[in-house]
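# What the coordinates show
The chain contents come next:
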Amino acid sequence: MTELPIAQHPVRPPQRRIVARLNHLLASPRFQALAAGLPGLRRLVRRDGEALFGLVAGFCSSQALMALVQLRIPEMLLDAPLSAQALGRRCAMPPERMDVLLRANVAGGLLKMTRKGDFALTRKGAALAGVPGLREMILHHDVLYRDLADPVAFFRGETETELAGFWPYVLGAGAGGDPELAARYSDLMTQSQRMVAADTLAAVDLTGIRLLMDIGGGSGAFLRAACDAAPDLRGLVFDLPEVVGAAGADPGPRIRAAAGSFTSDPLPEGADAISLIRVLYDHSDQTVAQLLAKVHAALPPGGRLIISEPMTGGARPSVAGDVYFALYTMAMRTGRARSADRIEALCKTAGFARTQRRVARRPFVTSVIIAEKCQSKLTDNNVRLN
Ligand SMILES: C[S@@+](CC[C@H](N)C(=O)[O-])C[C@H]1O[C@@H](n2cnc3c(N)ncnc32)[C@H](O)[C@@H]1O
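Bear in mind the structure is a predicted one, so any value in this text is a computation, not a measurement.

Take the nonpolar core next. I215, L276, L292, V295 and L305 are the most contacted members of the largest nonpolar core, which totals 29 residues. Put simply, the parts of the chain that give this core at least two residues each are β3 (211-215), β4 (234-239), β6 (273-277), α15 (285-298), β7 (304-309), α17 (340-349) and β9 (367-372). Residues contacting L305, with those up to four places away along its chain left out, are I274, L276, L292, V295, L299, F352, I369, I370 and A371. V204, I209, I277 and V365 belong to the second largest nonpolar core, which has 23 residues in total.

Here it is in structure tokens:
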């Protein structure tokens with residue numbers, strides 16, 4: 001590993017000197033030891049230390065969670081608490097090792113211990129067993145975990161990531177062309193789509209929309225939920241041929257499907273609103289700019305574009321957006337998680353008159369932006385509504 005030189009700052013303005021001194025003081029083991037004993041600072045030092053240790057140990061917690069999920073322990077505990085011995089027997093694991101696994105998940109807040117010493121689900125643990133798609137999402141993280149094994153190489157872009165192969169569809173129409181893989185991906189997406197659809201529809205008013213085209217709509221789960229919410233709505237799924245034609249694909253009543261690639265084919269006509277649900281973050285800025293321009297051209301005056309996907313926190317980085325989704329999309333190697341500001345800017349460059357952010361219920365599930373095409377055919381002034 002190459003040793004990098006520590007940055008040198010020959011001349012620092014006074015404010016920076018103060019910040020630098022403070023940083024050096026906080027980094028000094030002597031100060032840390034002293035502060036840990038001082039009544040005023042003790043709590044602060046302990047809180048910082050615990051937070052730091054949480055980050056240091058985070059990968060162990062994630063793997064303890066993975067084992068819990070792989071072994072289906074949350075499902076086994078749904079009806080009643082069980083002992084480490086009983087769970088060990090069911091999972092072919094020595095009881096003392098099972099005890100370590102269970103305790104790690106007690107520390108993680110998913111399990112709790114009963115007075116008898118058995119293990120039971122906490123509220124979060126029960127949710128883990130019930131949230132659609134969460135189990136599948138955790139299980140496929142073994143791929144991302146391997147991709148992150150050499151983090152410096154990963155961040156430098158030197159890793160041949162496995163995740164890029166897991167989602168071959170993002171490489172463009174025709175890539176992969178494997179119906180079994182397409183069905184597996186659609187299944188994982190459909191599971192989590194229910195939550196994304198619910199949160200998107202809670203943030204969006206579909207009144208007045210007659211035909212909603214969901215580009216990259218997969219198996220049509222979002223449109224089914226949208227049609228349930230708006231009885232007069234019809235839907236059109238536009239997705240790659242191997243997704244639209246996957247075995248058993250049936251988007252449902254009032255929904256048609258059209259096969260094609262938004263990178264190389266024209267978009268179907270006639271929709272008065274278009275949705276892009278978890279599509280933009282799979283693609284480069286260039287592809288997104290071209291797609292948004294196509295969407296803008298396909299909409300009638302006043303037509304709306306609904307964008308829903310997890311976003312980064314912009315000036316306030318978040319764990320969901322800037323740790324999980326940013327690294328995930330980086331491992332996919334074709335796209336990136338973007339902030340709401342960035343997506344709005346791309347919409348405006350594509351010609352949209354107005355953009356509006358909608359408060360999403362759970363930003364770790366999705367965030368929503370509505371972009372509106374100008375009512376008249378004249379060029380608009382790019383107004384932002386907030
Ligand atoms: C992350 S999935 C999201 C699926 C669905 N919207 C959801 O939220 O569950 C991205 C979708 O975009 C589709 N897609 C990717 N590239 C495409 C392209 N060039 N043309 C049309 N659809 C594409 C994929 O097949 C996939 O269904």
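Moving on from the model shown.
Below, the discussion takes up helix α5 (residues 84-91). Burial in α5 covers these residues: A84, A86, L87, G88 and C91. Along its buried surface, α5 packs onto α4 (73-76), α6 (95-107) and β2 (119-121).

Although it is not a glycine, R254 adopts a positive phi angle of roughly 65°. Looking at the element boundaries, R254 is found in the loop between α14 (241-244) and β5 (255-259). A residue is classified by how much of its surface remains accessible, and R254, at 38% relative accessible area, is partly exposed. Despite not being glycine, R333 has its phi angle at roughly 70°, a positive value. Along the chain, R333 falls in the loop between α16 (319-332) and α17.

For the pair helix α3 (residues 39-70) and α6, interaxial distance at closest approach is 9 Å and the crossing angle is 115°. As for the relative orientation of α3 and α6, their crossing is left-handed in sense. Residues A64, L65, A67 and L68 of α3 pack against L101, L102, A104 and N105 of α6. Of the residues contributing to the contact of α3 with α6, the split by class is seven nonpolar, one polar and no charged.

Once that is clear, we can look at the environment of R254. In this structure, the C-alpha to C-alpha distance between R254 and R224, residues 30 residues apart in sequence, is 8.6 Å. In this structure R254 touches C227, A230, P231, D232, L233, R234 and G235, once residues within four positions along its chain are discounted. Looking at R254, its side chain comes within polar contact range of the main-chain oxygen of P231, at 3.2 Å.

Quick notes on the rules
Residues numbered from 1 in each chain as written. Predicted model: local features only at pLDDT ≥ 70, side-chain atom pairs only at ≥ 80, totals over all residues. Heavy atoms only, no water. Core = buried A, V, L, I, M, F, W, Y, C linked by side-chain atoms within 4.5 Å. Buried < 20%, exposed > 50% of the residue type's maximum accessible area, 1.4 Å probe, protein only. Helix = DSSP H or I, 4+ residues; strand = E, 2+ residues; numbered from the N terminus. Contact = heavy atoms within 4.5 Å. Axes fitted to C-alpha atoms, helices over the stretch in contact; angles between N-to-C directions. Left-handed = near helix turned anticlockwise from the far one by under 90°. Nonpolar A, V, L, I, M, F, W, Y, C, P; charged D, E, K, R; others polar. Polar contact = N/O pair within 3.5 Å; in protein donor to acceptor, adjacent residues only side chain to side chain.

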